[in-house]
Amino acid sequence: MARTSPKTVDITTIEAREKALREELAALAEQKKVAELAARDAGRPVLLAALDRIKIPSMEKTDARSIASAISTHGAEAVAQHLATIPTS
């Protein structure tokens, strides 16, 4: 025969715990969102530091956006590898 638990089920306690867990999950989701945004922009300081050391001739705003977009879309490594294939004159 199955034994019965000496503890009684307290709906109020369960609901309070459930609410606390939902709040904790919401806080974790917000932390994750902040971390993902930071990770998406983690390369900016490195790129800006490199740009400070290199002479760059004038360029159109659309070209600058295209370069930045390519880095964002394809990743810095892929863009750097592609740029390395362009012959220098």
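Here the structure is a predicted model, which is why all the values come from computation and not from measurement. (Residues numbered from 1 in each chain as written. Predicted model: local features only at pLDDT ≥ 70, side-chain atom pairs only at ≥ 80, totals over all residues. Heavy atoms only, no water.)

Draft legend 1. Up close: the overall build of the protein chain. Per the secondary structure count, the protein chain includes four helices and zero strands. Taken from the N to the C terminus, the helices and strands of the protein chain come in the order α-α-α-α. In terms of C-alpha radius of gyration, the protein chain reaches 27 Å, well past the compact-globule figure of 12 Å for 89 residues. Viewed in the frame of its principal axes, the protein chain has a C-alpha envelope of about 90 × 25 × 20 Å. (Helix = DSSP H or I, 4+ residues; strand = E, 2+ residues; numbered from the N terminus. Rg over C-alpha atoms; globule rule 2.2 N^0.38 Å.)

Draft legend 2. Summary view of a nonpolar patch on the surface. Taken together, the side chains of L47, L48, L51, I54, I56, M59 and I67 define a hydrophobic patch exposed on the protein surface, amounting to about 610 Å² of accessible area. Per-element accounting of the nonpolar patch gives the leading share, three residues, to helix α2 (residues 44–53). Relative to the assigned elements, M59 resides in the loop between α2 and α3 (61–74). Taking the relative accessible area as the measure of exposure, M59 reaches 42% and is therefore partly exposed. (Patch = residues over 30% accessible without salt bridge, like charges linked within 9 Å, V, L, I, M, F, W, Y side chains within 5 Å. Areas by Shrake-Rupley, 256 points an atom, 1.4 Å probe, with all protein chains shown as cover. Salt bridge = Lys/Arg side-chain N within 4 Å of Asp/Glu carboxyl O. Buried < 20%, exposed > 50% of the residue type's maximum accessible area, 1.4 Å probe, protein only.)

Draft legend 3. Representation of the layout of surface pockets. The space that makes up the largest pocket amounts to roughly 680 Å³. Residue lining of the largest pocket: 19 residues in total, with R44, L47, I67, A68 and I71 positioned closest to the centre. The set of elements that each furnish at least two residues to the lining of the largest pocket consists of α1 (11–40), α2 and α3. Sort the elements by how many residues they give to the lining of the largest pocket and α2 lands first, with six residues. (1 Å grid on protein atoms, 1.4 Å probe; cavity = no way out; pocket = protein on both sides within 12 Å on 5 of 7 lines; lining within 4 Å. Points joined across faces, edges and corners; volume = space filled by probe spheres on them.)

Draft legend 4. Representation of the packing of α3 against helix α4 (residues 76–84) in the model. Interaxial distance between α3 and α4 falls to 6 Å at its minimum, and their mutual angle equals 125 degrees. One way to sum up the angle between α3 and α4 is to call them oblique. Packed against α3, whose contacting residues are A70, I71 and H74, the element α4 presents A76, A78 and V79 at the interface. (Axes fitted to C-alpha atoms, helices over the stretch in contact; angles between N-to-C directions. Parallel < 35°, antiparallel > 145°, perpendicular 65-115°, else oblique. Contact = heavy atoms within 4.5 Å.)

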